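Below are the chains, spelled out letter by letter.
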Amino acid sequence: MRTAIVGGGAAGFFLAVNLKEMMPEMEVSVFEKSKRFLAKVEVSGGGRCNCTNSFASVKDLRQVYPRGHQLMKRLFKVFDYRDAYQWFEHHGVPLVTQADECVFPVSQDSHSIIQCFLHEARHHGVNVYTERKIESLEDFAAYDFIVVTTGGSPRIDGLRWLEPSGVEIIPPVPSLFTFNIKDDALRSLMGTVVEDASVMIPGTKMKSSGALLITHWGMSGPAILKLSSYAARLLHENNYHLPIAVNWVGHTPMAVMDELRACITDHPQKQLTSFRPFGLSGRLWDYLLRKSLGARCTNRWMNLNQKELNRLANILCNDVYQIEGRAPFKDEFVTCGGVSLESVYPQTLECKTRPRLFFAGEVLDIDGITGGFNFQAAWTTAYVVATGIRGYCK
């Protein structure tokens with residue numbers, strides 16, 4: 001029996017190794033179109049590879065999988081984050097869980113994951129071919145099973161070659177990107193990090209929280225990346241021009257007002273610029289004071305009137321900016337869209353219209369927020385496909 005894995009990548013290599021472990025007699029070949037394989041793994045997580053997550057803070061999978069959460073819930077019964085953790089440690093990659101629940105190799109080096117895959121592939125006799133441009137599934141007619149693991153495509157044209165198989169293609173759009181905000185005063189704060197901000201698209205239920213980084217092009221950081229994932233299609237439909245509301249302190253308006261009144265009571269003689277509530281940095285606090293109070297930003301706390309107090313509180317918890325595009329460089333690692341989940345059997349991820357054709361990884365219309373969730377989807381879907389193929393061979 002022969003299996004062709006078309007696309008390689010993280011899902012492809014994970015699938016190849018598991019197939020050989022389940023069925024040593026299976027001939028497995030990985031076809032990668034680029035010169036190098038696992039390049040995306042190499043640069044992920046700043047070169048450290050955030051390979052999964054502890055899921056300790058996840059109450060509902062829709063929090064971390066904006067598309068595909070129902071299927072992932074089902075597939076986790078076969079292979080979940082705990083299984084992935086054990087798999088890597090069993091295959092010689094010790095892992096560590098950080099305070100933010102992200103899981104990395106103890107080495108803090110993505111090459112630990114890459115070397116694991118390459119070692120296991122060689123050990124099990126997996127055939128690996130590079131620079132193989134794929135234009136048709138018919139190129140693999142000699143194989144008993146075909147698994148497509150090509151990853152996400154920035155344009156639908158990159159997935160057209162799958163349409164003759166009868167699958168529905170959901171038009172792909174970018175996910176997990178930073179926001180371009182043309183506000184010189186904001187950009188002057190480049191490098192400022194706010195640890196507990198929350199952001200939202202006004203008029204929608206789309207919001208996220210976490211660290212926010214001000215950059216020379218606008219905003220980045222986990223809070224922004226998560227929001228870009230939740231709102232990926234909405235942002236695309238609006239040509240990446242929508243308002244964004246920032247709560248710089250992560251508190252409710254009532255709590256913010258209570259804190260400001262406490263400042264007036266406890267520090268009446270101090271200048272606004274010399275006493276900063278909420279642990280905000282000096283640069284950010286001064287910026288927010290100027291934005292809300294103008295020339296009166298150097299006043300004393302005791303001299304704040306109710307109107308000024310309201311303006312300051314509003315800026316702290318509902319500061320609105322205009323998104324004017326994605327970041328000025330191609331930093332998207334993830335797309336939403338791809339092969340419709342309606343086109344595959346949920347038990348095995350086999351194509352409903354072409355037997356023995358399977359899909360795994362980001363080529364499916366499954367994508368997660370930042371934090372190791374996309375890699376986990378790759379491991380889970382690849383393992384489920386391996387068990388599906390094994391089921392054919394029993």
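Just above, that's the structure.
Residues numbered from 1 in each chain as written. Predicted model: local features only at pLDDT ≥ 70, side-chain atom pairs only at ≥ 80, totals over all residues. Heavy atoms only, no water.

A.B. asks: How do you make sense of the overall build of the protein chain when you look at a structure like this?
C.D. replies: Scanning the protein chain from N- to C-terminus turns up twelve helices and 16 strands. Nonlocal contacts in the protein chain, meaning residues at least 24 apart in sequence, comprise 76% of its contacts between residues at least 6 apart. With the model as given, the accessible surface of the protein chain reaches about 17600 Å², and the carbon-plus-sulfur share is 51%. If you average the places of the 42 positive and of the 40 negative side-chain charges in the protein chain, the two averages end up 4 Å apart. (Helix = DSSP H or I, 4+ residues; strand = E, 2+ residues; numbered from the N terminus. Contact = heavy atoms within 4.5 Å. Areas by Shrake-Rupley, 256 points an atom, 1.4 Å probe, with all protein chains shown as cover. Lys, Arg positive; Asp, Glu negative; His and termini not counted. Charge placed at Lys NZ, Arg CZ, Asp CG, Glu CD.)

A.B. asks: Could you clarify how one ought to interpret the pattern of salt bridges in this entry?
C.D. replies: Pairs can form between side chains of opposite charge whenever their charged atoms are close. Tallying each qualifying case throughout the model produces eleven salt bridges. We note a salt bridge from D60 to R62, for which the minimum N-O separation is 3.2 Å. On the basis of relative accessible area, D60 is assigned to the partly exposed category, the value being 33%. Here R354 makes a salt bridge to E138, at a shortest N to O gap of 2.9 Å. (Salt bridge = Lys/Arg side-chain N within 4 Å of Asp/Glu carboxyl O. Buried < 20%, exposed > 50% of the residue type's maximum accessible area, 1.4 Å probe, protein only.)

A.B. asks: So what exactly am I meant to see when it comes to the environment of F179 here?
C.D. replies: Along the chain, F179 falls in strand β9 (residues 179-180). It is 32 Å that separates the C-alpha atoms of F179 and D258, two residues lying 79 residues apart in sequence. If we ignore the near neighbours within four places in the chain, the residues touching F179 are W217, G218, M219, I224, L227, S228, L235, I244, I323 and G325.

A.B. asks: Just to check I follow, could you spell out the packing of helix α1 (residues 9-22) against helix α5 (residues 111-123) for this structure?
C.D. replies: A pair of packed helices can be characterised by two numbers: the angle between their axes and the separation between those axes. Running from N to C, α1 and α5 point in directions that differ by 40°, and their axes come no closer than 10 Å. Along this stretch, α1 crosses α5, giving a crossing that reads as left-handed. Across the interface between the two elements, A10, F13, F14, V17 and E21 from α1 touch F117, L118, E120 and A121 from α5. (Axes fitted to C-alpha atoms, helices over the stretch in contact; angles between N-to-C directions. Left-handed = near helix turned anticlockwise from the far one by under 90°.)

A.B. asks: Can you walk me through the sheet that holds strand β11 (residues 207-214) in this structure?
C.D. replies: Either a parallel or an antiparallel arrangement is found when strands of a sheet pair, and the pairing is made through backbone hydrogen bonds. Within the open sheet, the six strands sit side by side as β9-β12-β11-β10-β13-β14. Their pairing is antiparallel. In this open sheet, the two strands that pair with only one neighbour each are β9 and β14 (319-324). Here strand β13 (residues 241-247) runs beside β14; their pairing, made up of six bridges, is antiparallel. Its bridge partner being in β14, V246 is matched across the sheet by D319. (Pairing = 2+ DSSP bridges.)

A.B. asks: Mind showing me how you'd approach the sheet that holds strand β7 (residues 145-148) here?
C.D. replies: Spatial strand order, β6-β2-β1-β7-β16: five strands in an open sheet with parallel pairing. With partners counted over all chains shown, the strands left at the sheet margins are β6 (127-129) and β16 (357-359), one partner each. Geometrically, the sheet is characterised by an average inter-axis angle of 20° between neighbouring strands, direction not taken into account.

A.B. asks: Is there a simple way to explain unusual backbone geometry in this structure?
C.D. replies: A negative phi holds for most residues other than glycine; trans holds for most peptide bonds. Despite not being glycine, F55 shows a phi value in the positive range, around 60°. Here F55 lies in the loop between β3 (52-53) and α3 (69-75). Judged by its relative accessible area of 6%, F55 is buried. Phi is positive for L349, close to 65°, though the residue is something other than glycine. By the element assignment, L349 lies in the loop between β15 (334-339) and β16.

A.B. asks: What is the right way to read the pairing of strand β8 (residues 169-175) from this model?
C.D. replies: Regular strands place their side chains on alternate faces of the sheet. Burial runs high along β8: six of the seven residues are buried. Pairing of β8 with β15, which is carried by five bridges, proceeds in the antiparallel orientation. When the bridges of β15 are listed, I170 appears paired with G338.

A.B. asks: Sorry, what's going on with the side chain of T380 here?
C.D. replies: Here T380 is to be found in helix α12 (residues 373-393). Every residue in contact with T380, bar those within four places of it in the chain, is listed here: M72, L75, F76, F79 and D80.

A.B. asks: For this particular structure, what's the right way to read the nonpolar core?
C.D. replies: Y65, L162, F359 and W379 are the most contacted members of the largest nonpolar core, which totals 81 residues. The leading source of residues in this core is α12, at eleven residues. Residues contacting W379, with those up to four places away along its chain left out, are A10, F14, C51, F79, A84, F88 and F117. A197, W248, C297 and A313 belong to the second largest nonpolar core, which has 46 residues in total. (Core = buried A, V, L, I, M, F, W, Y, C linked by side-chain atoms within 4.5 Å.)

A.B. asks: Any chance you could explain the packing of α1 against α12 here in plain terms?
C.D. replies: Put simply, α1 and α12 touch, their axes get as near as 8 Å, and they point 35° apart. You can see that α1 and α12 cross each other, and the crossing is right-handed. In contact with A10, A11, F14, L15, N18, L19 and M22 of α1, α12 contributes F375, A378, W379, A382, Y383, V385, A386, T387, I389 and R390. Here the contact of α1 with α12 is built from residues that sort into 14 nonpolar, two polar and one charged. (Nonpolar A, V, L, I, M, F, W, Y, C, P; charged D, E, K, R; others polar.)

A.B. asks: Would you mind going over helix α9 (residues 253-266) with me for this structure?
C.D. replies: Since one α-helical turn is 3.6 residues long, residues separated by three or four positions face the same way. Taking 1.5 Å as the rise per residue, α9 with 14 residues should run 20 Å; its terminal C-alpha atoms sit 20 Å apart, in good agreement. Residues of α9 that are buried sit in contact with α11 (306-317). (Expected span 1.5 Å × (residues − 1).)

A.B. asks: Which parts of the structure should I look at to understand the environment of Q269?
C.D. replies: Residue position: Q269 is located in the loop between α9 and α10 (282-293). C-alpha of Q269 to C-alpha of G151: the two residues are 118 residues apart in sequence and 60 Å apart in space.

A.B. asks: Is there a simple way to think about the environment of A39 in this case?
C.D. replies: Mapped onto the elements, A39 comes out in helix α2 (residues 39-47). A39 sits in the partly exposed class, given a relative accessible area of 31%. For the pair formed by A39 and P346, sequence separation is 307 residues and the distance between their alpha carbons is 29 Å.

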